[in-house]
Amino acid sequence: MRTGILGISAFYHDSAAAILIDGEIIAACQEERFSRIKHDSGFPINAIKYVLEEASMDYDELTAVTFYEKPLLKFERLLETYHVFAPKGLVSFVSAIPLWIKGKLFMKKLLQEQLQKFGTAKIPLLFPEHHLSHAASAFYPSPFEEAAILTIDGVGEWATITICYGSPVGIRVLKELHFPHSLGLLYSAFTYYLGFKVNSGEYKLMGLAPYGNPISSHTKSFKEKILTELVDIREDGSILLNMNYFDFATRLTMTNNRKWETLFGIPRRKPESAISQEHMDLALAIQDVTESIVIALARTAQKITHSKNLVMAGGVALNCVANSKILNAGIFDHIWIQPAAGDAGGAVGAAFAAFHIRYKQERKAPLLSDAMNHSYLGPQYSDKDILNTINKYEAQYDYYKKFDDLTLVVSQKIAERNVIGWFQDRMEFGPRALGNRSILGDPRNPEIQKVLNLKIKFREGFRPFAPSILIEDLSHYYTLNVSSPYMLFVGSLKEELRNPEPENYNDSDLHDRLYHIRSDIPAVIHVDYSSRIQTVSREANPKFWQLITDFKKIAGCGILVNTSFNVRGEPIVCTPRDAYIDFMRTDMDYLVLGNYLFDKKKQKQFTNKNIEKIKIFDD
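Residues numbered from 1 in each chain as written. Predicted model: local features only at pLDDT ≥ 70, side-chain atom pairs only at ≥ 80, totals over all residues. Heavy atoms only, no water.

Right, let's talk about the sheet that holds strand β4 (residues 64-67) for a bit. Pairing is mixed across the open sheet formed by five strands, whose spatial order is β3-β2-β1-β4-β5. Since the sheet does not close on itself, it has two edges, and those belong to β3 (24-30) and β5 (125-126), each with one partner. Here four bridges tie strand β1 (residues 4-9) to β4, and the two strands are oriented parallel to one another. By the bridge assignment for β4, L6 is matched with V65. In the packing of helix α2 (residues 45-54) onto the sheet, contacts are made with β1, β2 (16-21) and β3, and the angle to β3 comes to roughly 155°. (Pairing = 2+ DSSP bridges. Helix = DSSP H or I, 4+ residues; strand = E, 2+ residues; numbered from the N terminus. Contact = heavy atoms within 4.5 Å. Axes fitted to C-alpha atoms, helices over the stretch in contact; angles between N-to-C directions.)

Time to look at the packing of aromatic side chains. Tallied over the entire structure, the rule returns 23 aromatic pairs. Aromatic pair Y397 and F598: ring centres 6.3 Å apart, planes at 55°, arrangement tilted. Within this pair, whereas Y397 is found in the loop between α14 (383-393) and β13 (398-399), its partner F598 is found in strand β21 (residues 596-599), the two being separated by 201 residues in sequence. Residue F598 is classed as buried on the basis of its relative accessible area of 1%. Where Y399 meets Y596, the ring centres are 4.7 Å apart and the plane angle is 55°; that geometry is what we call tilted. Taken together, the residues span a long stretch of sequence, with Y399 in strand β13 and Y596 in strand β21 at a distance of 197 residues. Taking relative accessible area as the criterion, Y399 reaches 40% and is therefore assigned partly exposed. In this structure an aromatic cluster arises from ring pairing among F179, F190, Y193, F222, F246, F248, W260 and F264. (Phe/Tyr/Trp six-rings, centres within 6.5 Å; stacked < 30°, edge-to-face > 60°. Buried < 20%, exposed > 50% of the residue type's maximum accessible area, 1.4 Å probe, protein only.)

Now for the packing of helix α6 (residues 130-139) against helix α13 (residues 345-358). Close contact between α6 and α13 brings their axes to 7 Å; oriented N to C, the two are set at 85°. By the angle between their directions, the pair α6 and α13 is classed as roughly perpendicular. On α13, the residues that touch L132, S133, A136 and S137 of α6 are G345, G346, G349, A350, F352, A353 and I357. Considering only residue class, the contact of α6 with α13 consists of six nonpolar, five polar and no charged. (Parallel < 35°, antiparallel > 145°, perpendicular 65-115°, else oblique. Nonpolar A, V, L, I, M, F, W, Y, C, P; charged D, E, K, R; others polar.)

Before going further, it helps to examine the environment of P214. Structurally, P214 can be placed in the loop between α8 (202-208) and α9 (217-230). Each C-alpha atom, one on P214 and one on D281, is 7.6 Å from the other, the two residues being 67 residues apart in sequence.

Applying the stated criterion to the full structure yields 16 salt bridges. D578 is the partner of R36 in a salt bridge, and the nearest nitrogen-oxygen pair spans 3.8 Å. You can see R36 sitting in the loop between α1 (32-35) and α2 and its partner D578 sitting in helix α20 (residues 576-584), a full 542 residues away along the chain. Through salt bridges that share partners, R36, E570, D578, D582 and R585 make up one connected network. (Salt bridge = Lys/Arg side-chain N within 4 Å of Asp/Glu carboxyl O.)

The subject of this paragraph is the environment of E362. Within the secondary structure, E362 is located in the loop between α13 and α14. For the pair E362 and D58, spaced 304 residues apart in the sequence, the C-alpha separation amounts to 24 Å. Leave out the neighbours within four places in its chain, and E362 touches F355 and H356.

Another point: the pairing of strand β6 (residues 147-152). Most of β6 is tucked away: six of the six residues are buried. Along β6, one buried face is formed by A147, I149 and T151 and the opposite face, lined by A148, L150 and I152, is buried too. Pairing of β6 with strand β7 (residues 159-167), which is carried by six bridges, proceeds in the antiparallel orientation. Considered in β7, the bridge of T151 is made with T162. The antiparallel pairing of β6 with β7 creates a hairpin that spans six residues between the two strands. The pairing of β6 with strand β11 (residues 309-313) spans four bridges and is parallel. Looking across to β11, one finds that A148 is bridged to L310.

Interpretation note: all reported values are geometric properties and have no functional meaning in isolation.
Shown next, in the form of structure tokens:
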């Protein structure tokens, strides 16, 4: 009889479901991909339905269902926090408590009621702690027999940072930092103050930081004020926040804006308003502070575990610049990071924790890469599904019997500076597009960043784009000396490939720095000559590898610009219909669905009768 474990994360943000069969990940997906609500926090009914179908398992056959955290322990933290900070936070308390009383406090009953839609059997319902779910998601799918485990996020129940040790006997918690002292919430506070949305805009802050001037008096002053007034960093990487400056414990906002304005000399930036040099310098200051804390935590993890291997999860593990600082510091020989490091990945971790810890099942021998199936764990659609979309919208297309013929044509289109929507096989699990739900372009085209940001993604012009590079070509372009299949490390462009910066470059405005031609592949080189790299191997994704290989034959460059297939405010596309709609309502030139190629010029234009109007939201 098969052992089936269903993992669920829900009711905060990025709800998801995952399923293990006999310890193997069969499927995992975020609810947002089905509901089309970005960061959907609702019960993942569609994701559960999908993973059960993908595993060919009925709900009543499951061994257990496991939820990614302990709701009662979280409620205890909520009550104790309000008690400690009383009478502050009354408004927040009055707002939050009814929600808990109506549902979250009785989470087990709520989950059981929702799960009854799938079956009537009384399946055991388990609740591992939030950071244990993160730790399990990082260790058990990793290629290591043993490893130090570092998990960093906003907050789980009480823990905000944990250092654990994973081995054949299980996961042992060695150190914890508790709320309200949180690196994730510190970074989110700056995300909020700089005008971006908490829990989704942190990567914008990371992308903005390189525009800061590292030698300016502003940056140095901001950093000094952070370290003297906002956060006390201990030698082991643990931190203490000065809660006089933060409102997240008791109110509905992250920061005490009046005190922050007095401290930094600039008001909170309003969303969508102009970005000044002071904003960029403040972003650089907090990114530098974050990196120093993460490196200190990594050193502590190595010191107390004596391991040569590190695995990471939690939202802060998506900060690829900080990850690379650990890598470059040489603290560990090997590093592996869960590609769905945020709360969605908690569904995977909860399932692994149940299988290996609750049911004491032995872990399979470590793999050469990892057990995440290259993160291609989402749904796949057939030619019939594509044809349904074609018929619905009367789409015009060319069909290629041989995939090799298709990639030759598409690679030529890219080389001619066209933008391609690329949709193949199983959807990626996690926040990154890894070549199956991607928008692609020519990295040699200096205009492509502007086109993609402003006319296709409908987002801020400063946002950088990632290169997807043939793994065999990595060493020719970048100093990075390890594979990066999940875009979780950055690499620096080699010195000999760089164009020099003009005189007084750091004093120029954002526009001039953004569009300075830094190399022969300007579209994927950030202002500091870095790139968030995806290495592509033939084994991991033969179709994507073939496309890049064909492009290299034409362009002499084994790299493509790769960004997620979505527009601002919506999740990555899931179905052929999602992809066709985004293709038609943006300035993409061509769309590839499987072996079908669509030319924008040949398509019947949409009307209000057959498609909803595009909606642009702050993401």
